[in-house]
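Spelled out, the chains give:
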Amino acid sequence: MFTPTGPPRRPWLRPVIALAVVATLGTGFWVLSVLTDDGKPPVKVARDASIGDCLENRGTHSKPVLFTIECKDAKADYQIALRPGYRGTCPGQYDQYEERGGRLGDTTLCLNPMRH
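As the structure is a prediction and not an experimental result, all values here were calculated from the model.

On the surface, Trp-12, Leu-13, Val-16, Ile-17, Val-21, Leu-25, Phe-29 and Leu-32 cluster together to form a nonpolar patch covering roughly 800 Å² of accessible area. Here Leu-32 is to be found in helix H1 (residues 13-36). For Leu-32, a relative accessible area of 48% gives the class partly exposed.

Right, let's talk about the nonpolar core for a bit. In terms of nonpolar packing, the biggest core is built from nine residues, these being Ala-46, Ala-49, Leu-55, Leu-66, Tyr-78, Ile-80, Tyr-97, Leu-109 and Leu-111. Every element with two or more residues in this core is listed here: strand E3 (78-82) and strand E5 (107-113).

Right, let's talk about the confidence of the model for the protein chain for a bit. Per-residue confidence for the protein chain gives a mean pLDDT of 85; residues scoring 70 or more make up 91%. Across the protein chain, element-level confidence peaks in E3 with a mean pLDDT of 93 and bottoms out in strand E4 (residues 95-99) with 87.

Scanning the entire structure with this criterion turns up five salt bridges. Its salt-bridge partner being Arg-47, residue Glu-99 comes within 2.8 Å of it at the nearest N-O pair. One end of the pair, Glu-99, is in strand E4; the other, Arg-47, is in the loop between H1 and strand E1 (54-57), with 52 residues separating them in the sequence. Between Arg-100 and Asp-106 there is a salt bridge, and its shortest N-O distance comes to 3.3 Å. Since its relative accessible area comes to 42%, Arg-100 is described here as partly exposed. A single salt-bridge network, built from bridges that share partners, covers Glu-98, Arg-100 and Asp-106.

The rules behind these values
Residues numbered from 1 in each chain as written. Predicted model: local features only at pLDDT ≥ 70, side-chain atom pairs only at ≥ 80, totals over all residues. Heavy atoms only, no water. Patch = residues over 30% accessible without salt bridge, like charges linked within 9 Å, V, L, I, M, F, W, Y side chains within 5 Å. Areas by Shrake-Rupley, 256 points an atom, 1.4 Å probe, with all protein chains shown as cover. Salt bridge = Lys/Arg side-chain N within 4 Å of Asp/Glu carboxyl O. Helix = DSSP H or I, 4+ residues; strand = E, 2+ residues; numbered from the N terminus. Buried < 20%, exposed > 50% of the residue type's maximum accessible area, 1.4 Å probe, protein only. Core = buried A, V, L, I, M, F, W, Y, C linked by side-chain atoms within 4.5 Å. pLDDT = per-residue confidence, 0-100.

Okay, here's the thing in structure tokens:
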């Protein structure tokens, strides 16, 4: 019969190494997020905006990319007047913005152009 004659086994060593690796990676991600934080609030896209919020178009007229912005800012292009709901349509006096897909489904916004 063969009897192993090596160093004694340390079954506790693998979980300790795994915990150290996870802690090191977590600390690294935290340091990276602190270093890259510019202090500004996160950008809110059009689908997350509410009635009365203002939007800036960072795209083109034919392919708009809308983000919320302060209404007093000169870059504000539109103000949200209505949210007609899933696949709703806007009355004729409003500009209509549609965003398809996403985790919450389709979004339709009725917009008033801002006059500065």
